[in-house]
Amino acid sequence: MTARAPRRGSADAALARAARAARKRAYAPYSRFRVGAAVRAGGAVHSGCNIENASYGLTVCAERVAVAAAVAAGARRIEAVAVASGTDEPTPPCGMCLQTLAEFAGPELPVRLVGARGGTLDTTLGELLPRAFTKRFL
Ligand code: THU
């Protein structure tokens, strides 16, 4: 899903709201672990939720769905990301999603993790995935 970007300054709160809204659309009948994510890119907010499959390995995480929506809309640079989960402790993106984010953002990428009761942890991609493998090594 894609929405217009909020005015600057409120962007991070808006991104967290978009991630929470996306979480409501999670399809997680197997794990029941519902996740929402939103990325800001190119003046817009793109959101995603986790989408599970009866063939478990085909499951796609919320973060990769949000990145795919942004890239499919023409974006190539992700400016911020928020992730909303249902646990009290905010949960970080998995390794595969961190690597996917690293394809479209540098280590300074702001990452906002939002827990069930609104508890928030602000970090960066570089903190979560130091020494990422990127195209500069190819
Ligand atoms: N999941 C995400 O959507 N994002 C993460 O960063 C971690 C895990 C999903 C995948 C699966 O549907 C469920 O959470 C449990 O692993």
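Residues numbered from 1 in each chain as written. Predicted model: local features only at pLDDT ≥ 70, side-chain atom pairs only at ≥ 80, totals over all residues. Heavy atoms only, no water.

Enquirer: When you look at helix α3 (residues 95-104) in this model, what are you seeing that I'm missing?
Expert: Burial in α3 covers these residues: C97, L98, L101, A102 and F104. Buried residues in α3, looked at end-on, bunch into an arc of 165°, giving them a common side. Residues of α3 that are buried sit in contact with α2 (62-72), β4 (80-84) and α4 (125-128). (Buried < 20%, exposed > 50% of the residue type's maximum accessible area, 1.4 Å probe, protein only. Helix = DSSP H or I, 4+ residues; strand = E, 2+ residues; numbered from the N terminus. Arc of directions from axis to C-beta. Contact = heavy atoms within 4.5 Å.)

Enquirer: Looking at this structure, I do not really get the site of the ligand. What am I missing?
Expert: The environment of the ligand is formed by S31, F33, V35, N50, E52, T59, C61, A62, E63, P92, P93 and C94. E52 places a polar side-chain atom, nitrogen or oxygen, 2.5 Å from an oxygen atom of the ligand. Grouping the constituent residues of the shell around the ligand by class yields 7 nonpolar, 3 polar and 2 charged. (Near = heavy atom within 4 Å. Polar contact = N/O pair within 3.5 Å; in protein donor to acceptor, adjacent residues only side chain to side chain. Nonpolar A, V, L, I, M, F, W, Y, C, P; charged D, E, K, R; others polar.)

Enquirer: I would appreciate a short explanation of the environment of R112 in the present structure.
Expert: Along the polypeptide, R112 turns up in strand β5 (residues 110-114). Along the sequence, R112 and T124 sit 12 residues apart, while their C-alpha atoms lie 8.1 Å from each other. When near neighbours in sequence (up to four residues on either side) are disregarded, R112 contacts D12, A13, A16, V81, A82, V83, T120, L121 and D122.

Enquirer: Would you take a moment to explain the packing of aromatic side chains for this structure?
Expert: Between two aromatic rings, the relevant description is the distance of the centres plus the angle of the planes. Applying the stated criterion across every chain yields a total of 2 aromatic pairs. Aromatic side chains Y30 and Y56 sit 5.4 Å apart centroid to centroid with 45° between the ring planes, which places their arrangement in the tilted category. On the criterion of sequence distance, the pair formed by Y30 in the loop between α1 (11-23) and β2 (36-41) and Y56 in the loop between β3 (44-49) and α2 is long-range, its members being 26 residues apart. Note on Y30: relative accessible area 40%, which makes it partly exposed. Using a relative accessible area of 59% as the deciding quantity, one classes Y56 as exposed. (Phe/Tyr/Trp six-rings, centres within 6.5 Å; stacked < 30°, edge-to-face > 60°.)

All we've got here are geometric facts, nothing functional implied.
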